[in-house]
There are 2 protein chains.
Amino acid sequence: MRIGEVAASAGVNIQTVRFYERRGLLQEPPRLPSGYRVYQDQTPALIRFIKQAQSVGFTLNEIRELLQLRNGRVGNASQLRSIGEAKIRALDDEIQRLIEARDVLSQLLNACNCSDGGSECTVTIGRRERHL
Amino acid sequence: MRIGEVAASAGVNIQTVRFYERRGLLQEPPRLPSGYRVYQDQTPALIRFIKQAQSVGFTLNEIRELLQLRNGRVGNASQLRSIGEAKIRALDDEIQRLIEARDVLSQLLNACNCSDGGSECTVTIGRRERHL
DNA sequence: GTTGACTCTGTACCTATGTACAGGCCTTAT
DNA sequence: ATAAGGCCTGTACATAGGTACAGAGTCAAC
């Protein structure tokens, strides 16, 4: 497979494939005499894995480390598991943070004394005056 | 107040204050003959408002619009309210997305047959084989 | 009257994740 | 054999939100 087919099959841009190679997520593939990259059949699946890992919150740097562990020989399953557990905790924290932000904003809107004729939009929540 | 005092009082970098000015979040303040910026006493509170709005998910561009509306004369309260409600919906969507990501990852770890001696870490969720 | 702290402008750099373009080869079909 | 399309490298640009630095002017205290 050449790069165009890989990109189309994985649903990404050609530039993205080369970008992942530069970042060390994809190994440098062999080349034709012309310099064209030649990929194995499983490369699109690997790219889809990268996209899926991204969608659950991993950064490309973290994914590169996951892939290095996965390609390693022994003793890596428990490391993978602990990385995954750490990411779940990070997601929980972020979810909690967003829920709190949502509630602050919601209270602000509910408690607000705004009206189109009023000169200002002011409300007090907790000890502090807040505006929107 | 000069810029250093404003920045310290608001808990941000001096560069950040100038950055907000360039982005139109802070109006250009009057200057001393030397060119030094002179701020009003409420400027640190305005910067803290910006930081708070950021923390509940508004971007700087959105905050600039909020501030323009807030400084406007009439008929803006309902606009402010609908912007706030839209942001709440966006937060709800993002929270939902993260919860789903968290669950995918959690199922992956629970269902995984990994062990340090095993050659690979593979599990099937739904119709697709997934790895971590 | 000099030192040290503060401020000015302009520009460059940073993370993260790509996307786009220029200029030049390569391949394939007709 | 030629035109269309694919691929190569290198560089620049994009977003969002800052941070840092260079070189110069200013202010206040001793």
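Residues numbered from 1 in each chain as written. Chains lettered and ligands numbered in written order. Predicted model: local features only at pLDDT ≥ 70, side-chain atom pairs only at ≥ 80, totals over all residues.

1. Topic: the overall build of chain A
Looking only at helices and strands, chain A has five helices and two strands in total. Order of helices (α) and strands (β) in chain A, N terminus to C terminus: α-α-α-α-α-β-β. Taken across its 132 residues, chain A has 23% of its residues classed as buried. Across chain A, contacts joining residues at least 24 apart in sequence account for 40% of those joining residues at least 6 apart. (Helix = DSSP H or I, 4+ residues; strand = E, 2+ residues; numbered from the N terminus. Buried ≥ 20, exposed ≤ 12 C-beta atoms within 10 Å, placed from the backbone. Contact = placed C-beta atoms within 7 Å.)

2. A closer look at the environment of Ala7(A)
Residue and element names in this part refer to chain A. Here Ala 7 is to be found in helix H1 (residues 3-10). Taking the C-alpha atoms as reference points, Ala 7 and Val 56, 49 residues apart in sequence, are found 21 Å from one another. Those residues in contact with Ala 7 that sit more than four places away from it in its chain are Val 12, Asn 13, Ile 14 and Val 17.

3. Here's the deal with the protein's contact with DNA strand C
In the region of DNA strand C, 19 residues are neighbours, and Asn13(A), Ser34(A), Leu60(A), Gly4(B) and Arg37(B) sit closest. In terms of residue class, the surface near DNA strand C is made up of seven nonpolar, nine polar and three charged. (Near = placed C-beta within 6 Å. Nonpolar A, V, L, I, M, F, W, Y, C, P; charged D, E, K, R; others polar.)

4. Thoughts on the environment of Arg2(B)
Here Arg2(B) shows up in the segment before helix H1 (3-10). Among residues more than four places away in sequence, those in contact with Arg2(B) are Tyr36(B), Arg37(B) and Val38(B).

5. Describing the protein's contact with DNA strand D
Taken together, 18 residues lie around DNA strand D, and Arg2(A), Gly4(A), Arg37(A), Asn13(B) and Ser34(B) are the ones closest in. At the level of secondary structure, the elements contributing two or more residues to the surface near DNA strand D comprise H1 of chain A together with helix H2 (14-22) and helix H4 (60-71) of chain B. For the surface near DNA strand D, the element with the most residues is H2(B), which contributes three residues. Counted by class, the surface near DNA strand D contains seven nonpolar, nine polar and two charged residues.

6. Topic: the packing of H4(B) against helix H5 (residues 77-111) of chain B
All names here are of chain B. Running from amino to carboxyl end, H4 crosses H5 at an angle of 160°, the nearest separation of the two axes being 9 Å. With respect to each other, H4 and H5 are oriented roughly antiparallel. The handedness of the crossing between H4 and H5 is left-handed. In this structure, H4 uses Leu 66, Leu 69 and Arg 70 to contact H5, whose residues at the interface are Gln 79, Leu 80 and Ile 83. Looking at the contact of H4 with H5 residue by residue, the class counts come to four nonpolar, one polar and one charged. (Axes fitted to C-alpha atoms, helices over the stretch in contact; angles between N-to-C directions. Parallel < 35°, antiparallel > 145°, perpendicular 65-115°, else oblique. Left-handed = near helix turned anticlockwise from the far one by under 90°.)

7. Concerning the nonpolar core
Counting 23 residues, the largest nonpolar core has Val17(A), Ile50(A), Ala53(A) and Ile63(A) as the members making the most contacts within it. Listed by contribution, the elements that provide at least two residues to this core are H1, helix H2 (14-22), helix H3 (43-55), helix H4 (60-71) and helix H5 (77-111) of chain A together with H5 of chain B. Apart from the residues within four sequence positions on either side, Val17(A) is in contact with Ile3(A), Val6(A), Ala7(A), Val12(A), Leu26(A) and Ile47(A). If you look at the next biggest cluster of nonpolar residues, it comprises 22 residues, including Leu108(A), Ala7(B), Leu26(B) and Ile63(B). (Core = buried A, V, L, I, M, F, W, Y, C linked by C-beta atoms within 7 Å.)

8. Topic: the packing of H1(B) against helix H3 (residues 43-55) of chain B
Residue and element names in this part refer to chain B. Running from N to C, H1 and H3 cross one another at 45°; their axes reach a closest spacing of 9 Å. If you check the angle between H1 and H3, you find them oblique. Our pair here, H1 against H3, has a crossing hand that is right-handed. Contacts between H1 and H3 pair Val 6, Ser 9 and Ala 10 from the former with Thr 43, Pro 44, Ile 47 and Arg 48 from the latter. Broken down by class, the residue content of the contact of H1 with H3 amounts to four nonpolar, two polar and one charged.

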